[in-house]
Amino acid sequence: MSKSHIELTINGNKVEALVEPRTLLVHFLREQQNLTGAHIGCDTGHCGACTVDMDDMSVKSCMTFAVQANGANITTIEGVANADGTLSVLQEGFRMMHGLQCGFCTPGMILRAHRLLQENPAPTEDEIRHGISGNLCRCTGYVNIVKSIQYAVAKINGTPFQEAAE
Amino acid sequence: MNDQTKIDADRAERTEKLQGMGCKRKRVEDVRFTQGKGSYVDDLKLPGMLFGDFVRSPHAHARIKSIDTSRAKALPGVIAVLTAADLKPLGLHYMPTLAGDVQAVLAEEKVLFQNQEVAFVIAKDRYIASDATELVDVEYEALPCIVDPFKSMLPDAPILREDIQDKMTGAHGPRKHPNHIFEWMIGDKEATDAVFANADVTIKEMLVDHRTHPSPLETCQSVASFDKVKGELTLWGTFQAPHVIRTVVSLISGLPEHKIHVIAPDIGGGFGNKVGAYAGYVCSVVGSIVLGVPVKWVEDRMENLSTTSFARDYHMTTELAATKDGKIQAMRVHVLADHGAFDACADPSKWPAGFMNICTGSYDIPTAHLAVDGVYTNKASGGVAYRCSFRVTEAVFAIERAVELLAQKLGMDAAELRIKNFIKAEQFPYQSALGWEYDSGDYHTAMKKAMDTIGYKELREEQAKKREAFTRGETRELMGIGISFFTEIVGAGPAKNCDILGIAMFDSAEIRIHPTGSVIARMGTKSQGQGHETTYAQIIATEIGIPADDIMIEEGNTDTAPYGLGTYGSRSTPVAGAATAVAARKIKAKAQMIAAHMLEVHEGDLEWDVDRFRVKGLPEKCKTMKEIAWAAYNSPPPNMEPGLEAVNYYEPPNMTYPFGAYFCVMDIDVDTGVAKTRRFYALDDCGTRINPMIIEGQVHGGLTEAFACAMGQEIRYDEQGNVMGASFMDFFLPTAVETPHWETDHTVTPSPHHPIGAKGVGESPHVGGVPCFSNAVNDAYAFLGAGHIQMPHDAWRLWKVGEKLNLHK
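Keep in mind that this is a model prediction, so the values were computed, not measured.

### Describing the sheet that holds strand 34 (residues 659-669) of chain B
Sheets are built from strands paired through backbone hydrogen bonds, the pairs being either parallel or antiparallel.
All names here are of chain B.
And then number 1: The mixed open sheet is built from four strands, whose spatial order is 24-34-35-38. Strands with a single pairing partner mark the edges of an open sheet, and in this sheet they are strand 24 (477-487) and strand 38 (743-746). Sheet twist, expressed as the mean angle between neighbouring strand axes with direction ignored, is 15°.
And then number 2: The strands touched by helix 18 (residues 764-782) within the sheet are strand 24, strand 34 and strand 35 (675-685), with strand 24 carrying the most contacts at an inclination of about 145°.

Take a look at the structure:
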């Protein structure tokens, strides 16, 4: 199959590549770029494990062709940590609030949360729940994911966050 | 500050530094998982690796007339196409199942369920492999199929398993029909029948625990890499039980076990789906052996939902007999178990119906009888324990629905009926009528705490008012209060009654203390999200006084980890957790000898103090574990082996019996059938608590899966055996929007036989949660004379209940 030339920015790095027109973005990222943080959970756009940030939007990379990312600016989970290598406030929130278990949905969930907080810097719990409803988690029951995002919101906005006692 | 206060403060500080048992230690795993640096099977990329994909049957039951692979083989990039004809000379077209049956790896003469594996295409990449599956021409002759298990044993039913049709004795005794798998019975039938014949009150109901699927977010997958020169196979895969997989691969391939390296890397959830051995694993192995290069196989979601290991499908005729005042005298259950086309249940070998005989639940029921008939149908095989110990969700669903139905018939409050029949604290260890010895429990205390916290009395009052208002036409909302008081049976198990393929269900831990006092420990279990790397380290930290942060836990590599039976049935804490404590205590005993030598005192003159041994009465004369570790390698006592390590293979003396009291308050709109969970309160007693944060997380997750199963999740088939809804479009996985808020609570009744008193918790919320939701729904409609409403309780079905009750006027 003839290949298309694409140029894009991934986690701040310029990337050039040849891809088949039918290559999905998630396969391009995982197999050609070795960025295996985006996961494939359903192949049909329902689970959100493959979520990446593309041109300031949350995108399900299993529903996007790599050629559609030509010229785009993409952030994957590998590009989320702080420049000094420490966990970003969202990553820290997920760890502190036990917002993950098997870790399979986590990269997509964190990237979705990242975009949600750009869209709405002070979301209510209900807004968080709706905001992440395109991302499925089988392990946590979401309570702690919501808390993880609230932890990050509090830290970013300098507002108090109190972990609810059992 | 006086001396004692100072000592206490110092000890508290040292204890806190350990991050041992009982603290909410943050997870070690999360540092890599939050950065996308987990290492899952599909992340693996090996030089020259090929990709396999299946050709699957569109029919539920059909004869294969011919398979023509020539068009597929001609496609550029396709390396090989395997069919049963290729596997048969190797004896690999069938593989043994954990239940004593055989299962087709690739269909030979017939297909027995839709999406059954027919051919395996191996190509240069996954796109080409997928293209080529469409170029394999298979000619089928459709046959009449059986979807309804009640039709399996009819005299004129089509014979499904022609490969074993003459074998009238199966792995579990005589077969009554070619489509019959086994009959399993336990209890005193005569005595039970006699009680029922003379009982004041009886109830009888067909309770269906419908077919569903564990559906972890990561599907099943494997990478096989065979080194032809060394004759060694390395197999990476989504294995909840990697050592068992190694033994199975050795048995079916003939490769010696020491030349098989099975590695389970990070696993994206399991929930029972990743216990068994699947055709994809076998085909990736065969592909790699034949071609001499690595072969990867990755299921897509449709394949996962429709082929690898469904759960449940138990049709349980459940009866209780009781006195007029509500004392339960006997229980009688008959189960028709739909196992699909092959008996591939993942149960301990001697237990074809798992631990279904825990179905007398939390109640002191003196007499009981249980019979289970397993049958073949034209559906996918499986019957795995979906987030529960073997068939325990089914058992708890049966008893917890049955007590509600009995309460209704007696006109008694459902909580009061339960309390009246609870096994009392002083009755433990308790011998159940169906053969178990419950280790410990305090049900009355747990129930009282739960009822007080939820405000049970007030809720019933509110419900009574709402029912009156509904009757008067003032509201269209029904209020249901669901109760579940479950007893689980986990931690399989004692060798006398638990084995898999003849291997006793022990588990293991190997702990090595390095000279500088840091630790590596390896277990026979395998985490799939439970946080083992965090919690096992906490056990070791408390036992030997080395900070958890200095302890690395490693699982999943069968070359380095001691043999273990894996993680499922909530067995990691009860079995491998016990092995960890016992191995740590061996180290501590040796450390004490070394410390005595160092301090020039007798061992008996020493006492343990958090992280050190000190001389009794002379607390300043002490040696820390770190100092002892160095001495173990540098200057051990004369006649003592250097080094400081231990291994333990722990065979549990008994199962553990976690329990809990769950309450659900639900409001249902009768006109739409939409059910809203207003409150869900879960009190769990899992014995000693290792990490409360992780326990709470496990409870949240288990409740969410229970919510899914009870309220909508289902693997359904139409009459032609077409699987309906094998994608996330149709298969209900709750999002953050539908998922209720969870309130958690606990009591602590340690297990008397477990070294640290822990019982296991991962599956309790699922087991207890399913009947709690169903009871809430049933309770909402009960006063309208609805009778038992079968799960799943999605809005459409609840709307139909309203139709049937003529509520939509």
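### With respect to the pairing of strand 18 (residues 314-322) of chain B
Residues and elements named next belong to chain B.
And then number 1: Counting buried residues in strand 18 gives eight out of nine residues, a clear majority hidden from the surface.
And then number 2: Judged from the nine bridges that link them, strand 12 (residues 201-209) and strand 18 form a sheet pairing that is antiparallel. Bridge assignment links Val-208 to a residue of strand 18, and that residue is His-315.
And then number 3: Here strand 18 hands over to strand 19 (residues 328-338) after five residues, with Gly-326 in that stretch at a positive phi of 95°.

### Quick notes on the packing of helix 10 (residues 392-410) of chain B against helix 18 of chain B
Residue and element names in this part refer to chain B.
And then number 1: Running from N to C, helix 10 and helix 18 point in directions that differ by 30°, and their axes come no closer than 9 Å. What the angle tells us is that helix 10 and helix 18 run roughly parallel. Here helix 10 runs over helix 18; the crossing is right-handed. Judged by residue contacts, Val-392, Thr-393, Val-396, Phe-397, Glu-400, Arg-401, Glu-404 and Gln-408 of helix 10 engage His-766, Val-767, Gly-768, Val-770, Pro-771, Ser-774, Asn-775, Asn-778 and Ala-782 from helix 18.
And then number 2: A per-class count over the contact of helix 10 with helix 18 returns seven nonpolar, seven polar and three charged.

### Digging into the domain arrangement of chain B
Residue and element names in this part refer to chain B.
And then number 1: Considered domain by domain, chain B is made up of domain 1 (15-39 + 507-650), domain 2 (45-143 + 218-268 + 274-307) and domain 3 (310-492 + 655-804).
And then number 2: Inter-centroid distance (C-alpha atoms) of domain 1 to domain 2 is 40 Å.
And then number 3: Considering only residue class, the side of domain 1 that touches domain 2 consists of three nonpolar, 10 polar and two charged.

### Examining the packing of helix 14 (residues 532-544) of chain B against helix 15 (residues 572-599) of chain B
All names here are of chain B.
And then number 1: Relative to each other, helix 14 and helix 15 sit at 35°, their axes nearing to 9 Å. For the pair helix 14 and helix 15, the crossing hand works out as right-handed. Contacts between helix 14 and helix 15 pair His-532, Tyr-536, Ile-539, Ile-540, Glu-543 and Ile-544 from the former with Ser-572, Gly-577, Thr-580, Ala-581, Ala-584, Arg-585, Ile-587 and Lys-588 from the latter.
And then number 2: For the contact of helix 14 with helix 15, the per-class residue count stands at seven nonpolar, four polar and three charged.

### Examining the domain arrangement of chain A
All names here are of chain A.
And then number 1: For chain A, the domain assignment lists domain 1 (4-79) and domain 2 (89-157).
And then number 2: A separation of 21 Å is found between the C-alpha centroids of domain 1 and domain 2.
And then number 3: Taken together, the contacts link 16 residues of domain 1 with 12 residues of domain 2.
And then number 4: For the side of domain 1 that touches domain 2, the secondary-structure elements that each account for two or more residues are strand 3 (51-54) and strand 4 (57-60).
And then number 5: Here the side of domain 1 that touches domain 2 takes three residues from strand 3, the largest share from any one element.
And then number 6: Per-class residue counts for the side of domain 1 that touches domain 2 are seven nonpolar, eight polar and one charged.

### Here's the deal with the interface of chain B and chain A
And then number 1: The interface of chain B with chain A comprises 46 residues on the first partner and 46 residues on the second.
And then number 2: Elements that contribute at least two residues to the side of chain B that touches chain A include exactly helix 2 (30-33), helix 17 (692-711) and strand 38 of chain B.
And then number 3: Considering only residue class, the side of chain B that touches chain A consists of 15 nonpolar, 19 polar and 12 charged.

### Focus: the environment of Glu-162 of chain B
Residues and elements named next belong to chain B.
And then number 1: Structurally, Glu-162 can be placed in the loop between strand 8 (137-142) and strand 9 (169-170).
And then number 2: Exposure remark for Glu-162: the 14 C-beta atoms within 10 Å place this residue in the partly exposed category.
And then number 3: Along the primary structure Glu-162 and Phe-728 are separated by 566 residues, whereas in three dimensions their C-alpha atoms are 34 Å apart.

### Section: the confidence of the model for chain B
And then number 1: Taken as a whole, chain B shows an average pLDDT of 97; of its residues, 100% reach a score of 70 or greater.
And then number 2: As scored by the predictor, the complex reaches a pTM of 0.97 and an ipTM of 0.98.

### Description of the sheet that holds strand 29 (residues 551-554) of chain B
Residues and elements named next belong to chain B.
And then number 1: If you walk across this open sheet you meet the four strands as 29-28-27-33, and the pairing is mixed. Every interior strand has two partners, whereas the edge strands, strand 29 and strand 33 (645-650), have only one. When strand polarity is set aside, the average angle formed by the axes of neighbouring strands in this sheet is 15°.
And then number 2: Where strand 28 (residues 519-523) meets strand 29, four bridges bridge the pair, whose relative direction is parallel. Each bridged residue has a counterpart across the sheet, and for Arg-522 the counterpart in strand 29 is Glu-554.
And then number 3: Strands in contact with helix 15 are strand 27 (507-513), strand 28 and strand 33; relative to strand 27, the strand with the most contacts, it is inclined by about 35°.

### With respect to unusual backbone geometry
And then number 1: The step from Ala-492 of chain B to Gly-493 of chain B runs through a cis peptide bond, and the omega angle for that step is -25°.
And then number 2: Look at the link from Met-791 of chain B to Pro-792 of chain B: it is a cis peptide, with omega at -10°.
And then number 3: In this fold, Pro-792 of chain B is placed in the loop between helix 18 and helix 19 (795-804).
And then number 4: In this structure, Asp-56 of chain A is a non-glycine residue whose phi angle is positive, near 65°.
And then number 5: Structurally, Asp-56 of chain A can be placed in the loop between strand 3 and strand 4.

Cut-offs and rules
- Residues numbered from 1 in each chain as written.
- Chains lettered and ligands numbered in written order.
- Predicted model: local features only at pLDDT ≥ 70, side-chain atom pairs only at ≥ 80, totals over all residues.
- Pairing = 2+ DSSP bridges.
- Helix = DSSP H or I, 4+ residues; strand = E, 2+ residues; numbered from the N terminus.
- Axes fitted to C-alpha atoms, helices over the stretch in contact; angles between N-to-C directions.
- Contact = placed C-beta atoms within 7 Å.
- Buried ≥ 20, exposed ≤ 12 C-beta atoms within 10 Å, placed from the backbone.
- Parallel < 35°, antiparallel > 145°, perpendicular 65-115°, else oblique.
- Left-handed = near helix turned anticlockwise from the far one by under 90°.
- Nonpolar A, V, L, I, M, F, W, Y, C, P; charged D, E, K, R; others polar.
- Domains from an automatic or database assignment.
- pLDDT = per-residue confidence, 0-100.

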